Amino acid sequence: MEEPGVRQRKKAATGFANAHKTGSEPKSSSAFPKVYVLLTAVLVLALYNFPALVKSPLNQFLGAPARHLPGVRTNYVPTFTADEAKQDAVVEAFKHAWLAYERDAMGDDEYHPISHAGSNLTKAGGIGYTVADSIDTMIIMGLEDEYQRARAWVADKLSFERDGNFNTFETTIRVLGGLLSAYHLSGEDPVFLEKAQELGSRILPVFETESGLPLSLINLGLREGVSDSDTNGYISTAEASTLQLEFRYLAYLTDEDTYWEKAENVMAVLRANAMPSGLASIFVDPKTGHYRTAPIRLGSRGDSYYEYLLKQYLQTNQTELVYREMYDTAMTGIHTHLVKRGLSSQLLYIAELNPERTQNGELGWRLTPKQDHLVCFLGGSLMLGATTSGALVHNVSIPPRTDELTDQGERDWLTGVELINTCMATHDTKTGLAPEIAHFRILGDGVDDSVAPADWYIKGARPDAPPPFDARYILRPETIESIFIAFRLTGDPKYRDYGWAIFQAIEKHCRIPTGGYASVINVDQVPVEYDDKMETFLMSETLKYLYLLFADSSVLPLNEYVFNTEAHPLPVFNPTIRTGFS
């Protein structure tokens, strides 16, 4: 919805223009100067205080042609019809994964396709991570038989009476998010909401801390929050700030405001303790709410903090401006401090900042040219933010025009496009799969040119040596997620080509003939060696985003849904309680 202030300014500008064109005299000679001065003052104030919001109507008034938006090709015809053949291939891949899991490990949290076995996250048993994470994908793909069997398991066998510690964040995004999405997409089947409400109520005790920030672990059977001794009791920033979409939607469905209030309070605490740059270190103290001295990055433990700033703004139909403010500030911080370019190909990447003490004992920050595969979510997120938070109009064109975006919107759009290009460049390996972590060349890095390429490389990789952890591919979805969003916002077929190339690489190198898919230990080695694990996000995210990439654009449109960080689509809604820290 276009802001009333913008509409009023358009009317004022049009009226002023018409008065000049006709040259007619006003009825009262004393009234004309007053109106003239008033309109001029309004326009000047608008230009001074809201230059971005006046940009589009002013350009129209002046008849200025729209500049070509960087990152948008001009030599293609946008197309959004389904590519059914490629969709069918993705559905077959999903069935290859699901049926193997169902055969060997139904109900277990995780699946190991080579050993044909399942495993659970606690000794007390599991809570069906894989089932809950996969069921909405079945609905989207129209797999009725598989869906009915999965639903029956949820209804009859899913139990949260487990005296064991589960990760708060993972349980929320995978299980709670999966149940809520299944409830919506199934036409509001009550079994999913009942299970979601039970799980939500069992998780609530994690918020019973001095600051209200959640603890990292939850004992679902005892309904007790548990600190993580591995992190000295601190919680990662991403984990604390990536529960909000799920708990807010649960509150909306159940009219239990406590779910909303607990999740929203987390964001209020983080905002009150925000760093001046708009960035966030990767650990916070649940006792004080203060950020700890820790790395700043958009990879592990930091990524979805930034993702959910935008998505909280979008989830409630762009009504909570506090999240837009936090998002805009964070994106400016990223551009100021973390956006860098490689030496040879000038690839744009997102660096990390690591704290270190100087010889004088003062705290400093060292820039590290390292980018996790996880960071590749940001390309699509920036493009989506550019067309929403950074838009001058409500319905942005596909692809967008420059006169529809603020200066920040243009900046974020271009960075998003370039970051996707970089993420695709990291697929330039022997398998066509991207590594878990890429490093980029910088001046004076001391890296042997005979070992590392001139632009990016896998740190520690050596011929005839054991591969480093960085070299693996664990079926991650982040690049595909960004490709899907970019395609929906541009209609550019190149993004479908990118996605198809990744899918073919997964099929060639990760598919296990007897069923399922496995992680690859070294993306630069053929034939590949496997790690015997099929991550749940293969069926929740990777294959879902691939399916939607080749689907008709009317399927789960981006203006009607937000996808949680595990790719569970939740509908946009107008909140029924006072929100936005009100």
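In the nomenclature of an unreviewed UniProt entry, the protein chain is known as alpha-1,2-Mannosidase of Suillus placidus. Recorded in UniProt for the protein chain, the comment headed Pathway (unreviewed entry) runs: "Protein modification; protein glycosylation." Under the UniProt heading Cofactor (unreviewed entry), the note attached to the protein chain is "Ca(2+)".

A. A look at a negative patch on the surface. Judged by side-chain charge, Asp255, Glu256, Asp257 and Glu261 come together as a negatively charged surface patch. Tracing the backbone shows Asp257 in helix α11 (residues 257–272).

B. Inspection of the sheet that holds strand β13 (residues 437–440) at higher detail. Spatial strand order, β12-β13-β14: 3 strands in an open sheet with antiparallel pairing. Lying at the two open borders of the sheet, with one neighbouring strand each, are β12 (370–372) and β14 (456–457). Where β12 and β13 come together, 3 bridges link them in antiparallel fashion. Each residue of the ladder has a partner; that of Gln371, found in β13, is Ala438.

C. Here's a closer look at the pairing of β13. Here β13 shows two buried faces, one formed by Ile437 and His439 and the other by Ala438 and Phe440. Pairing between β13 and β14: 2 bridges, direction antiparallel. Bridge pairing in β14 places His439 opposite Tyr457.

D. Representation of unusual backbone geometry in the model. For the bond running from Ile398 to Pro399, omega is -5°, close enough to zero to count as cis. In this structure, Pro399 sits in the loop between α14 (377–386) and α15 (407–425). The amide bond that connects Val526 to the next residue, Pro527, takes the cis arrangement and shows omega of 0°. Structurally, Pro527 can be placed in the loop between β15 (519–520) and β16 (530–531). A positive phi angle, near 55°, is found at His116, a position not held by glycine. With respect to the helices and strands, His116 occurs in the loop between β1 (110–112) and β2 (117–119). A positive phi angle, near 70°, is found at Glu188, a position not held by glycine. Tracing the backbone shows Glu188 in the loop between α7 (168–185) and α8 (190–203). Judged by its relative accessible area of 49%, Glu188 falls in the partly exposed class.

E. Quick peek at the environment of Glu261. Tracing the sequence through the fold places Glu261 in helix α11. A relative accessible area of 48% means that Glu261 is categorised as partly exposed.

Here is what the cut-offs are and how they apply
- Residues numbered from 1 in each chain as written.
- Predicted model: local features only at pLDDT ≥ 70, side-chain atom pairs only at ≥ 80, totals over all residues.
- Heavy atoms only, no water.
- UniProt positions renumbered as here; feature names shortened; annotations may be inferred.
- Patch = residues over 30% accessible without salt bridge, like charges linked within 9 Å, V, L, I, M, F, W, Y side chains within 5 Å.
- Areas by Shrake-Rupley, 256 points an atom, 1.4 Å probe, with all protein chains shown as cover.
- Salt bridge = Lys/Arg side-chain N within 4 Å of Asp/Glu carboxyl O.
- Lys, Arg positive; Asp, Glu negative; His and termini not counted.
- Charge placed at Lys NZ, Arg CZ, Asp CG, Glu CD.
- Helix = DSSP H or I, 4+ residues; strand = E, 2+ residues; numbered from the N terminus.
- Pairing = 2+ DSSP bridges.
- Buried < 20%, exposed > 50% of the residue type's maximum accessible area, 1.4 Å probe, protein only.

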